[in-house]
Amino acid sequence: MMMMMMVFLSCISYDTGNINASADGVTINTALNLTRDDEGRLKINSITCDAMIAKMRAKFSGTLGRVYEFLARFLTSGMRFLLNQRICPTLNHAALVHVNSLLETIPVRTEVDQFIGIDYSLLSDPVVTSRSLDMNFRGMFFDLANQNVSLVNYAVDPVIREYDRMVYLALSEFFFDSGLFSYYQAGIFQMHIINEKMPKDLEMLLRTTYLGTIMMLNPALVDAPISLQLAVNSPPKTTIKTSGATVIMTAIVKVMVLPAGQPPVQLSSMTMETKFNAKVSMKEKRLAVHTDLRRFKIFSNLSALESLALIPLQAPLKTMLQMSVVPLINNWTKRGVQIPLADGMDFIEEVVEYHNGFIVIGANLHFTKGLREMMAENF
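Residues numbered from 1 in each chain as written. Predicted model: local features only at pLDDT ≥ 70, side-chain atom pairs only at ≥ 80, totals over all residues. Heavy atoms only, no water.

Visitor: Can you help me understand the packing of aromatic side chains in this one?
Guide: Given two aromatic rings, one states the distance between the centres and the angle between the planes to describe the pair. The final tally for this structure, using the stated rule, is three aromatic pairs. For the ring pair Phe141 and Phe175, a centre distance of 5.0 Å and an interplane angle of 55 degrees mean the geometry is tilted. In this pair, Phe141 sits in strand 8 (residues 140–143) while Phe175 sits in helix 2 (residues 173–186), placing the two residues 34 residues apart along the sequence. This pair shows no difference in class: Phe141 is buried, exactly as Phe175 is. Ring centres of Tyr183 and Phe189 lie 6.4 Å apart, and the angle between their planes is 65 degrees; this geometry places the pair in the edge-to-face category. The exposure class of Phe189 is buried, given its relative accessible area of 15%. Among the aromatic side chains, those forming a connected cluster through ring pairs are Phe141, Phe175 and Phe176. Of note, Arg109 hangs over the ring of Phe142, and the distance from its end group to the ring centre comes to 3.9 Å. (Phe/Tyr/Trp six-rings, centres within 6.5 Å; stacked < 30°, edge-to-face > 60°. Helix = DSSP H or I, 4+ residues; strand = E, 2+ residues; numbered from the N terminus. Buried < 20%, exposed > 50% of the residue type's maximum accessible area, 1.4 Å probe, protein only. Lys NZ or Arg CZ within 6 Å of the ring centre and 35° of its normal.)

Visitor: Can you walk me through the layout of surface pockets in this structure?
Guide: To find leftover empty space, a probe the size of one water molecule is rolled over the atoms. Approximately 690 Å³ is the volume attributed to the second largest pocket. Leu180, Tyr183, Phe189, Ile329 and Thr333 are, among the 41 residues lining the second largest pocket, the residues nearest its centre. When contributions to the lining of the second largest pocket are tallied by element, the ones reaching two or more residues are helix 2, strand 10 (190–193), strand 11 (226–232), strand 13 (244–257), strand 14 (265–283), strand 15 (286–300) and helix 6 (314–333). When residues of the lining of the second largest pocket are assigned to their parent elements, the largest contribution, six residues, is made by helix 6. (1 Å grid on protein atoms, 1.4 Å probe; cavity = no way out; pocket = protein on both sides within 12 Å on 5 of 7 lines; lining within 4 Å. Points joined across faces, edges and corners; volume = space filled by probe spheres on them.)

Here it is as structure tokens:
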């Protein structure tokens, strides 16, 4: 600590110099009481502080340095008393005002896109152990148009046993199922494949397969466009095992013929069962999922005999899914969802581990801004 000193010896005499002061035996003990506020956001409720400076040293310069050395005991005692009185009030203000203001920048309920949002609110007060600070978040998506409709949580509770990284985020099957359920409620798992969206070889195969049906209904429909209507008929389900994550999705596929100026005519209705591999990743603050089609099966809703006739459609429909539907799904999931973290902080050195019923993501924290700068931006 540097202090400029100017001492007047008389009305016409003065001296200048420096005071080089240092403190020994500085002890500061603080304890934070963490809680959740009414919105489910982390908050510092109170702080206890005990601070003490055991000894201070001061060295004076200037023409009358020896005189000041004689007075040093009185000066350093006063400085030590003042500093002891100011440390804890300063820490209290920093925690209760500045840090709480910084915590308020963390979103607890926010929109993911124009269809769904996510709730990050704390379910209970944080638990402090000798090795960690444990926080239990809701981690639930919701349909923006029907925010009161939610999925019942039957998933197993995640367990974190690793301590090598600064932060561990555990996501249960409910986290992913609530997102799929919300998208299902929003009605985005529907697709109408027609005209340029319909692969020509698939259209020709459909027309050949259902030529007899068309002739029986109305021979005039032979040259009318053919379309496929896909609609997921139940919320997709996520399964997480040590080998990875999969998503099972069931949809109704209707083969339609579209006569000009007339209502569409249904040629067939089939059930499509699909199974996707899901790869979870995290970059900085965004959690993303990439899917790949693993298994595909179709069967008729009318008869077992028609299911046999659908066998030639298996391969072209699977190709159509890989080219049209899977990119559509990944277009939504690759955008990711933001993990609640204060501004100026990012995750680095991320690692994803799969367990039975949940995923654990470990990461270290990287401060893109200094703490002083982060606090200054909030005032």
